[in-house]
Amino acid sequence: MSCLASCCASLTCGLCTSVASGVTRSSARIAYCALFGGSLIVSWILREVASPLLKNFSWINTSDNLSKEWFQTQAVLRVSLGNCLFFGLLALIMIGIKDQNDRRDSWHHGGWVAKLVIWVLLVALMFFLPNGVITVYGFLSKFGAGMFLLIQVIILLDATHSWNDSWVAKDEQKWYIALLVVSVVCYIATFAFSGILFMWFNPSGHDCGLNVFFIVMTMILAFAFAVIALHPKVNGSLLPASVISVYCAYVCYTGLSSEPRDYVCNGLHNKSKAVTISTLVLGMLTTVLSVLYSALRAGSSTTFMSPPSSPRSGEKKSLLASEELESGKGSPEARPVSYSYTFFHLIFALASMYSGMLLSGWTSSSESSELIDVGWTSLWVRICTEWVTAGLYVWSLVAPLFFPDREFY
C-alpha cells in the first residue's frame, strides 16, 4: 500500500512538474486563470465536506452550537484568503516592473512548480488561523468583492465602446447594418426578458412592489440609455446602450433570483435545488470568464491598467501584438512589458474575495446551507451593481460635455 501511495505521489508530482514546465511566456496569463479556476473547484469541494472535517480542529470548532453552514463558510473563506494572499503577494512583488529585463519579469512568467507549492502551502496554512482572523477577512472581502464588480463593469464599458468603434472604423454599410441589427436584437431581448421577470417575480395575488420597482427601473434605464446615446450633443451609439441594457436586465434577474426561497414574490422558490446548482455554476463561470477577460484586456485601452512605459499605454494594440512582445518576437532591445503585472494580480486577489462571497452567500447565515448566493445581501449587491453600471455608462456619455479636453473611452 505504501509503495502504491509513493507511486501515486510521484506520478502526481511529475504531472504537475511537466504541466508547470510547459507554461510559456505567452501562456502564463492562461495558467494563472487555470490556477484561479482550480481554487474555485477546491472551495466548492471543501464547502461540501467541510463540516465533518473542521469539527476535528479545536481552534476552529470552539463551540457546540456551530451550524453546518458556519463550517462551510469557514472552509470557503479560508481557501479564499489563501488565494487572495497568493495573488496579493505577487501584486506587491511586481510593483514597478517596466521592461522585460527586470528579474521579476521571469518570476511572473516562470517558476510554476514553486508557485504551485507556495499556493498549496498558503491555502493549507489558512486552516490553522484563529476564527477571528477569518471573521475580519470576511468583512473586508465584501468591499474587495465590490471593487472587483466595479472593475468588471468598467471593463465591460470599455469592451462595448471598443466593439462599437471597431465596426464604425470599417466605414462600410454592411457594418452599420450589423450595428443596427445587433442593437435592435439586444433591446428586444431586454424588454422581452423584463416581461418574463414580471411573470416570475410578481406573482398574482401578492404585493411585490419592491420587485416591480426593480424591474420597471431596469426598463426605464434601458430606454434612458438609448435617448441619451442618440442625443445630438452626445457622441454616443446605440450598440453600447443596447449591450449595457441587456447586462442590466441580466443583473436584475440574478438579483431577484437571489431572494430568499420562502419569499412569496420569488417565483422560482419552488425550484430551489435546480436554481441553486445553476446559480453556482453560472456564477463560477461568470467569475472565471470575467477574470480571464480582465487579464487579457489588462492595459489594452484604459491607461490605469498599463505602466507608463507600456506600448499599450495610450495606444490600443491587438492581443496578438502583446503576445509577440511577451514571447520575444519584438524588438531585441529592452522590451517594455505589455500590461501591468501588479494590476493583473490585483484583479485575481479581488476576484478571490468575490468568489469567497459568492460561495458563502456573502457570509449571510439566514438561508439554508444547501443554497448558494441566496439572501437579501446578495439581492442588494446585484441591484447596486446594476445601478452603478448604469451610472458609469451614462457618465461615459455625458462626461465629454463637461470635460471636452479629456478622453473617457
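What you see is a predicted model; the values in this text were computed from it and never measured.

Draft legend 1. Examining the overall build of the protein more closely. For the protein, the count of helices and strands is 13 helices and zero strands. Shown N-terminal to C-terminal, the secondary structure of the protein runs as helices and strands in the order α-α-α-α-α-α-α-α-α-α-α-α-α. Burial status across the protein gives 46% buried among its 409 residues. Carbon and sulfur atoms provide 69% of the accessible area of the protein, an area that totals close to 19,600 Å².

Draft legend 2. The arrangement of the nonpolar core in detail. Ranked by internal contacts, the top residues of the largest apolar core, which has 51 residues, are Y32, L54, F86, F87 and F348. Residues contacting L54, with those up to four places away along its chain left out, are I60, N61, F71, Q74, A75 and F127. By size, the runner-up hydrophobic cluster in this structure holds 18 residues, among which are A226, A241, A390 and Y393.

Draft legend 3. How the structure looks around the confidence of the model for the protein. Residues with a pLDDT of 70 or more make up 74% of the protein, whose mean pLDDT is 77. The element-level mean pLDDT for the protein is lowest in helix α1 (residues 2-21), coming to 45, with helix α8 (residues 209-229) highest at 93. Counting contacts from residues 298-323, a segment whose pLDDT is below 50, to residues more than four positions away or on other chains yields 55 contacts.

Draft legend 4. Molecular detail of the packing of aromatic side chains. All chains considered together, the criterion is met by 24 aromatic pairs. A ring pair is formed by W70 and F71, whose centres lie 5.2 Å apart and whose planes are at 85°; its orientation type is edge-to-face. By relative accessible area, W70 is classed as partly exposed at 25%. What makes F71 buried here is its relative accessible area of 1%. Among the aromatic residues, those joined into a ring-pair cluster are Y32, F36, F86, F87, W112, F344 and F348. Over the ring of W112 we find K115; its NZ or CZ atom is 4.4 Å from the centre of that ring.

Draft legend 5. Geometry of helix α7 (residues 173-201). For α7, which comprises 29 residues, the first-to-last C-alpha distance of 42 Å matches the rise-based estimate of 42 Å (1.5 Å per residue) to within 8%. Regarding α7, the residues found buried are L179, S183, C186, Y187, T190, S194, L197 and F201. Lining the buried residues of α7 we find α6 (131-169), α8 and α9 (238-257).

Definitions and limits used
- Residues numbered from 1 in each chain as written.
- Predicted model: local features only at pLDDT ≥ 70, side-chain atom pairs only at ≥ 80, totals over all residues.
- Heavy atoms only, no water.
- Helix = DSSP H or I, 4+ residues; strand = E, 2+ residues; numbered from the N terminus.
- Buried < 20%, exposed > 50% of the residue type's maximum accessible area, 1.4 Å probe, protein only.
- Areas by Shrake-Rupley, 256 points an atom, 1.4 Å probe, with all protein chains shown as cover.
- Core = buried A, V, L, I, M, F, W, Y, C linked by side-chain atoms within 4.5 Å.
- Contact = heavy atoms within 4.5 Å.
- pLDDT = per-residue confidence, 0-100.
- Phe/Tyr/Trp six-rings, centres within 6.5 Å; stacked < 30°, edge-to-face > 60°.
- Lys NZ or Arg CZ within 6 Å of the ring centre and 35° of its normal.
- Expected span 1.5 Å × (residues − 1).

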